[in-house]
Amino acid sequence: MTNRAVLAAYGKYVLANYPRVPIALVRGRGAWVWDAAGRRYLDMVPGIGAGFLGHCHPAVVRAVRAQAGRLLHVQNHFPHPGQAELARRLLRLARFDGRVFFCNSGAEAAEAAIKLARRWAQVERGTKRFEIVCVRDGFHGRTLGALAATGTPAFWKGFAPMPRGFRHIPLNDMRAAVSAIGPRTCAVLVEAVQGEGGFRAASPAWLRALRLLTRREGALLIFDEVQAGCGRTGTFFAYEPSGVAPDAVTLAKPLAGGLPVGALLVRARFARALPPGSHGATFGGSPLVCAAALAALDVLAAPRTLARIRRHGALLRRGLEALRARHPALVEEVRGRGLMAGLALRVPGAGVVERCRTAGLLVNCTHRTVIRLLPPVGAGPRELRRALVILDRALEGG
Ligand SMILES: *Cc1c(COP(=O)(O)O)cnc(C)c1O
């Protein structure tokens, strides 16, 4: 099928809930993908973060092939070794005594966190607390609960009535946090570095304040690490530099090397809030996905990989700062940390994204004006420099 034929079939048969890029991808390896016409692209935003290991990472492919011939899926009433090992390794990385719930996506992990926090407050503590304090421009997914937690009212439009019990405060606003976190609060849900919201980072002091305020109320502090976690910012969890210890963490996107996965890590003392029968996910933590995730973690959590991410992140940052200096009328600021880099423009970024694609570079634009780069770990200095050169020309063309 040609690019055009695939696109035409999408127009006829596939729901048009995404803006569609007019190339059909058929093959990928590392930081590169090929379209149906055989044209190669440098992919600096694989899977919008889910492809952090790069396309078809050999270790993940090997693990998936081996596991696929042994056992694909079992109902969660049966334990299997892969899930046991994955939970143990995630908790060791989080450095807390906890329990893990597995699901299939970031939104599902957010739903699990919301349900756990409410049930903890209402059943285990016997209070009437139900409110979750979230952050303006924060993003937690598209299911109704996760969407209600998401701090962009435009995404709620037309889906009324939205679930009640969510309250949004501006990022890094100390006063707003003090007044919002109170006797109705059962949890605070926050990204240490906002993904969809345009790569703004929460300040360590603000995160520490959230920790104090939630502890005072007996409310849970939950970090959404779906986009910024798994090493993306140069530490396995993006919240680590703040020194804050959360009560729960959600992970998803790159955790299984490109297969669908979601996980909620929660401190042991809160884990009893979801007893047998209270929550579930048919496909969550299947043998296949756990095998992929274990292979992915071998790479993503390795100190060598994290050092590489910091090194290449610094290189990317310097390159983007140079672009800002060269295009001051167009580029407002450079955002992000590690291999999560954003170029905030003073104008909508769609044109730049399109000119990049025409020149063989895939990037995307979030929050309308922020050019988003989520390079795969395997992208080396050569690929990063090439991306910067193309981006430079694309900015010139605007
Ligand atoms: C993408 C994302 C989600 C939602 O994940 P899905 O797998 O698309 O449901 C949640 N939180 C953050 C921070 C994300 O970036």
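Everything below is about the structure printed above this text.
Computed from a predicted structure; not experimentally measured. (Residues numbered from 1 in each chain as written. Predicted model: local features only at pLDDT ≥ 70, side-chain atom pairs only at ≥ 80, totals over all residues. Heavy atoms only, no water.)

## Some words on the side chain of Glu225
Filter applied, for reference: Each helix is a run of H or I in the DSSP string that is no shorter than four residues. Each strand is a run of E no shorter than two, and both are numbered from the N terminus. Accessible area is worked out with a 1.4 Å probe on protein chains only. A residue is then buried under 20% of its type maximum, exposed over 50%, and partly exposed in between. Counted as positive: Lys and Arg. Counted as negative: Asp and Glu. His and the chain ends are not counted at all. Should a side-chain nitrogen of Lys or Arg be within 4 Å of a carboxyl oxygen of Asp or Glu, the pair is scored as a salt bridge. In protein, a polar contact means a hydrogen-donor-capable atom and an acceptor-capable atom, both N or O and within 3.5 Å, with residues adjacent in sequence counting only if both atoms are side-chain atoms; elsewhere, any N or O pair within 3.5 Å suffices. Contacts were defined at the residue level, with two residues in contact if any of their heavy atoms lie within 4.5 Å.
Relative to the helices and strands, Glu225 is located in the loop between strand 8 (220-224) and strand 9 (248-251). Buried and unpaired, Glu225 has no salt bridge, with Arg337 as the nearest side chain of opposite charge at 7.6 Å. A distance of 3.2 Å separates the side chain of Glu225 from the backbone nitrogen of Tyr239, its partner in a polar contact. Setting aside chain neighbours within four positions, we find Glu225 in contact with Ala192, Phe236, Phe237, Ala238, Tyr239, Val249, Thr250 and Leu251.

## Some details on the packing of helix 3 (residues 81-94) against helix 9 (residues 287-300)
To keep things clear, this is the line we draw: Axis definition: a line fitted to C-alpha atoms, limited for helices to the stretch in contact. Angles are taken between N-to-C directions and run from 0 to 180 degrees. Definitions for this section: a left-handed crossing has its near helix turned counterclockwise from the far helix by less than a right angle. A right-handed crossing has that turn clockwise. Under the scheme applied, nonpolar residues are Ala, Val, Leu, Ile, Met, Phe, Trp, Tyr, Cys and Pro; charged residues are Asp, Glu, Lys and Arg; polar residues are all the others, including Gly.
It is the contact of helix 3 with helix 9, at a shortest axis distance of 9 Å, that shows an interaxial angle of 35°. Both helix 3 and helix 9 take part in a crossing whose hand is left-handed. Residues Gly82, Gln83, Glu85, Leu86, Arg89, Leu90 and Leu93 of helix 3 touch helix 9, and the partners they reach there are Cys290, Ala293, Leu294, Leu297 and Asp298. Among the residues forming the contact of helix 3 with helix 9, the class breakdown is seven nonpolar, two polar and three charged.

## Observations concerning the nonpolar core
Applicable threshold: Put simply, a nonpolar core is a bunch of buried Ala, Val, Leu, Ile, Met, Phe, Trp, Tyr and Cys residues held in one set by side-chain atoms that sit within 4.5 Å of each other.
Counting residues in hydrophobic clusters, the biggest one holds 93 residues, and the most contacted among them are Leu90, Trp206, Leu251, Leu265 and Leu343. The dominant element in this core, judged by the number of residues it contributes, is helix 9, at ten residues. In contact with Leu265, not counting residues within four places along its chain, are Leu90, Leu91, Ala94, Phe96, Arg99, Val100, Phe237, Asp247, Ala248, Val249 and Leu251. Ala117, Ala148, Val266 and Ala273 belong to the second-largest nonpolar core, a separate cluster that totals 29 residues.

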